[in-house]
Each structure stands twice: as structure tokens, then as C-alpha cells.
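Here's the letter readout for the chains.
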Amino acid sequence: MTNKISVSIWRGKSDGEYQTYEVELRENQTVLDIVTEVQRQHEPSLAYRFACRVGVCGSCAMTVNGVPRWTCRTHVNQVTKNNSLTIGPLRNLPVIKDLVVDMKPFFKKWQTAGASFTGGKTRHDPVATISSESPGRKAADAGIECINCAVCYSACDVVGWDDSYAGPAALNRIWTLVNDERQVNKRAVLDAAFADGGCGSCHSQGNCTRHCPVELSPSESIAALKRSAFMGLPKTGAVESNKIDTGADRES
Amino acid sequence: MRASLQRHFYVAQRATALLLAPLVVVHLVLIMIAVKNGLTADEILSRTRGNVLWAVFYGLFVVAAAVHAPLGVRNVLREWTPLSQQLVDAFCVFLFLLLLLAGLRAVVAVY
């Protein structure tokens, strides 16, 4: 049994090419470990991006054997084919260098699609208390844990052919917003989701849901947004209480 | 274009699809029955002349198709061609009017 693995890694910008390295196989090795080893032992100029190494920050996503994945939580033995690995940058985003893509278009589309929270209170108002049992909270819960890794964006074919498409992550975020009891002017948020390049552009192929590393379902969020066009805004449930007991109101 | 209008377009396209599904089935079945003994203009006109039911049926069919088709074409053109949004919208308004007027003219002609 060999203790080496053949790793092809993308070098250069979009007109670059794959270069192959022989890397030692170790136990419990992740794809990110492999990339790190290549950079430290073979190719010091190799550019890649990571931060937390535990699946929280969403910065280490790459294309591994043709599939977008979070590399810090992808074990080599799960994805190796014929004792080899091919690691490239994420699809659908401009390559800056090697395995690093420019995330600007991804985040820009979040903003353009209106996928950012707008509250109606100030820091002087009491904090809204949202019941964990309210329908809105439950619906938002299903999509709220997005780590912004852009794996769904990379997996989506519609993003690949339609520049204006906001992408699954932004639309998933919009679905959590229309279910957020604190979000103001939800009708405008929903309308923004239906602008050109919004949820109406989704072809329901489901690649986003299939590849989401934290097992969210942007497909379901987008389908729910589409349903809202007919059914109206979802019921979120009442804010349980927006008063914080500071003790100031108590009788002395 | 107003974002809420886009949402209404989305609803209109899906709602007309829902409407067109049974209308197309009835239309196809009618064609099969109608051509069984050969198809003549007299036979068609004898069925449609003065028949409010068929006029309403095909009137509804024309309106649904005139709404549904341009919205679908709009999506395809927007997604697959480099045409500007204004040009695509203008073409789709033209297509809507063409389908609506030509279709209603035909319905009126055989009534």
C-alpha cells in the first residue's frame, strides 16, 4: 500500500494549469491539510485561503475532484479517486491566484438582492424576544446557519450562465429575513427577491442543497420565496415580549 | 422596473400555466373528435357560430396564452441573449399584443 497521494493543484489565474505533487498520506488528513503540506513542503508560492480550520469561517472552500467542498472538513479518504486528488479554485468566481477566488461578486450580490437585515429599533429600545417555537423563528432557523462559504454559489449552474442571478446564498438569506420578526418592510424585501436575477431565475436544480456543507437547503428557501408570491408573507408569530426586565419597573 | 411588478409577472405566469393546462387538454381532445369524420370549415363554424360557451372557452385560452407566452419568452431572452432589458420588454409587450389581438380576432371571427 502506497503512502503517497498524487495531488493536482490549480496554479495561476483563470488561464493557469494544474500542477501535480506527490504528497505523503497521513491518518485523519483533510484536503486542507494536503494543500497546506504542498505549500509548506513543495510550493511556497501556492496561494490558498483558510482561517478557522473547523468548518465555521467558510473561507477554505475549493473544488475537489470537480465538486465544491469545504476543505477543512473534507477528509482525504472520502474523496480520493485512484489515489489522486484534483484541487481547484471555486467555480463561478474570478480566480485571483491558484486556489484563491475573488469573493466580491458573491457578497456584492447579497447587497444588490437586498439580503441584509434592517431593523426598526435603536439601541435604546428593548431587545425583541423571539419565541423559539414561533413559525418565523423555526423557518429562519432552517436557513440561518449559512457560513458564506460560496460552495452553493459555485455549485449553481444558473450562476454560471446568468450574471444577474443573485445565487442561492443570498436568496436563502432573504428567506430568513422575511421570517425575522424584527425585519422592517418585509414586503419590499420579498419584492426585491423577485427582481430580475432573483428567485424567479432559479431552475430548481438543487445543486446548492446537494453541496451545502452545513446541510442547509437554499432550494427550499427559494421555493418558499416563490410560494410567498401566491400565499403572501409567511406568518412569523408575535414577538413574545420586547421588554427586558431591568428591575426599573419593580416596586421598591 | 418596479420590483413588485416582477412578482406579479411571476404570479401571472404560474397562474396562467395552471389555467392553460386543462384548456389545452380540452382543446386537444376536441381536435381529435372534430377531425374524426374529416375537417371542414362548415363543421367548425356550425359548432362555434353563436355558441357563447366556445367563445368564452377560446377567449380565456387566448388571454391566458397571451399572458403566459411573452413572460416565458422574456425569461428565456433575458437569460440567454445579450439583448438589453428594454428591448426584451418591448418585444414581449409586442408579442403580448400580437397574440391577444390575433387570438381574439379569430375567436370573434368564428363566433
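You'll find the structure just up there.
Here we summarise the structure given alongside this text. Everything numeric here is computed off the predicted structure, so don't read it as measured data. (Residues numbered from 1 in each chain as written. Chains lettered and ligands numbered in written order. Predicted model: local features only at pLDDT ≥ 70, side-chain atom pairs only at ≥ 80, totals over all residues. Heavy atoms only, no water.)

Quick word on the overall build of chain B
When helices and strands are counted, chain B shows 4 helices and 0 strands. For a compact globule of 111 residues, the expected C-alpha radius of gyration is about 13 Å, and chain B comes in at 17 Å, more than 25% above that figure. Over its C-alpha atoms, taken along the principal directions, chain B stretches across nearly 50 × 25 × 20 Å. Evaluated residue by residue, chain B yields a buried proportion of 30% over its 111 residues. In chain B, the proportion of contacts linking residues at least 24 apart, taken out of those at least 6 apart, comes to 79%. As presented, chain B carries roughly 7000 Å² of accessible surface, and 76% of it is formed by carbon and sulfur atoms. Of the charged side chains in chain B, 9 are positive and 4 negative; the average position of the first set lies 8 Å away from that of the second. (Helix = DSSP H or I, 4+ residues; strand = E, 2+ residues; numbered from the N terminus. Rg over C-alpha atoms; globule rule 2.2 N^0.38 Å. Buried < 20%, exposed > 50% of the residue type's maximum accessible area, 1.4 Å probe, protein only. Contact = heavy atoms within 4.5 Å. Areas by Shrake-Rupley, 256 points an atom, 1.4 Å probe, with all protein chains shown as cover. Lys, Arg positive; Asp, Glu negative; His and termini not counted. Charge placed at Lys NZ, Arg CZ, Asp CG, Glu CD.)

A short note on the overall build of chain A
From N to C terminus, chain A includes 10 helices and 7 strands. By principal-axis analysis of the C-alpha atoms, chain A measures approximately 75 × 50 × 30 Å. Per-residue burial over chain A gives 46% buried out of 252 residues. Sequence-distant contacts in chain A: of pairs separated by 6 or more residues, those separated by 24 or more amount to 65%. A distance of 1 Å separates the average location of the 29 positive side-chain charges in chain A from that of its 27 negative side-chain charges.

Considerations on the interface of chain A and chain B
On the chain B side, the residues contacting the 17 residues of chain A number 13 residues. Taking both partners together, chain A and chain B bury about 1300 Å²; carbon and sulfur atoms supply 53% of that area. Across the contact surface, chain A and chain B share 4 salt bridges. Asp196(A) is the partner of Arg74(B) in a salt bridge, and the nearest nitrogen-oxygen pair spans 3.4 Å. At the boundary of chain A and chain B, one finds 8 residue pairs in polar contact (both at pLDDT 80 or more). For the side of chain A that touches chain B, the secondary-structure elements that each account for two or more residues are α8 (186-193) and α10 (218-231) of chain A. Residue composition of the side of chain A that touches chain B, grouped by class: 7 nonpolar, 5 polar and 5 charged. (Buried area = accessible area lost by both parts, 1.4 Å probe. Salt bridge = Lys/Arg side-chain N within 4 Å of Asp/Glu carboxyl O. Polar contact = N/O pair within 3.5 Å; in protein donor to acceptor, adjacent residues only side chain to side chain. Nonpolar A, V, L, I, M, F, W, Y, C, P; charged D, E, K, R; others polar.)

Looking at the environment of Arg105(B)
Of note, Arg105(B) is situated in helix α4 (residues 85-110). The sequence separation of Arg105(B) and Val62(B) amounts to 43 residues, and the corresponding C-alpha distance is 10.0 Å.

Things to note about the packing of aromatic side chains
All names here are of chain A. In total, this model carries 13 aromatic pairs over all chains according to the counting rule given. Between tryptophan 10 and tyrosine 18, the aromatic rings sit 5.0 Å apart at their centres with planes inclined by 75 degrees, giving edge-to-face as the arrangement. Its relative accessible area of 15% is what places tryptophan 10 among the buried residues. Take tyrosine 18: its relative accessible area is 41%, and that puts it in the partly exposed class. Centre to centre, the rings of tyrosine 48 and phenylalanine 50 are 5.4 Å apart; their planes meet at 15 degrees, and the pair counts as stacked. Residue phenylalanine 50 is classed as partly exposed on the basis of its relative accessible area, which comes to 32%. What links up through ring pairs into an aromatic cluster is the set Phe106, Phe107, Trp110 and Tyr153. Between arginine 182 and the ring centre of phenylalanine 117, over which it is positioned, the NZ or CZ distance is 4.7 Å. (Phe/Tyr/Trp six-rings, centres within 6.5 Å; stacked < 30°, edge-to-face > 60°. Lys NZ or Arg CZ within 6 Å of the ring centre and 35° of its normal.)

Let's talk about the pattern of salt bridges
All names here are of chain A. A full pass over the atoms with the stated rule returns 14 salt bridges over all chains. Of the charged contacts in the structure, one is a salt bridge between arginine 11 and glutamate 43, with a shortest N-O distance of 3.3 Å. Of this pair, arginine 11 sits in strand β1 (residues 4-11) while glutamate 43 sits in the loop between α1 (31-42) and β3 (61-64), and the two are 32 residues apart along the sequence. Assessed through its relative accessible area of 11%, arginine 11 is described here as buried. For glutamate 43, a relative accessible area of 18% puts it in the buried group.

A word on α4(B)
Residue and element names in this part refer to chain B. An ideal rise of 1.5 Å per residue puts 38 Å on 26 residues; α4 measures up with 37 Å between its terminal C-alpha atoms. Along α4, the positions that sit buried rather than exposed are Val88, Asp89, Cys92, Leu95, Leu100, Gly103 and Val107. Against α3 (52-80) lie the buried residues of α4. (Expected span 1.5 Å × (residues − 1).)

Some points on the pairing of β3(A)
All names here are of chain A. Neither face of β3 is open: one carries Ala61 and Thr63, the other Met62 and Val64, and all of them are buried. As paired elements, β3 and strand β4 (residues 67-70) share 4 bridges and run antiparallel to each other. Its bridge partner being in β4, valine 64 is matched across the sheet by valine 67. Linking β3 back to β4 in an antiparallel pair, the connection comprises 2 residues, with asparagine 65 at a positive phi of about 50 degrees. For β3 and strand β5 (residues 84-88), the ladder comprises 2 bridges, and the chain directions are antiparallel. Residue pairing for β5: threonine 63 is matched across the bridge by glycine 88. (Pairing = 2+ DSSP bridges.)

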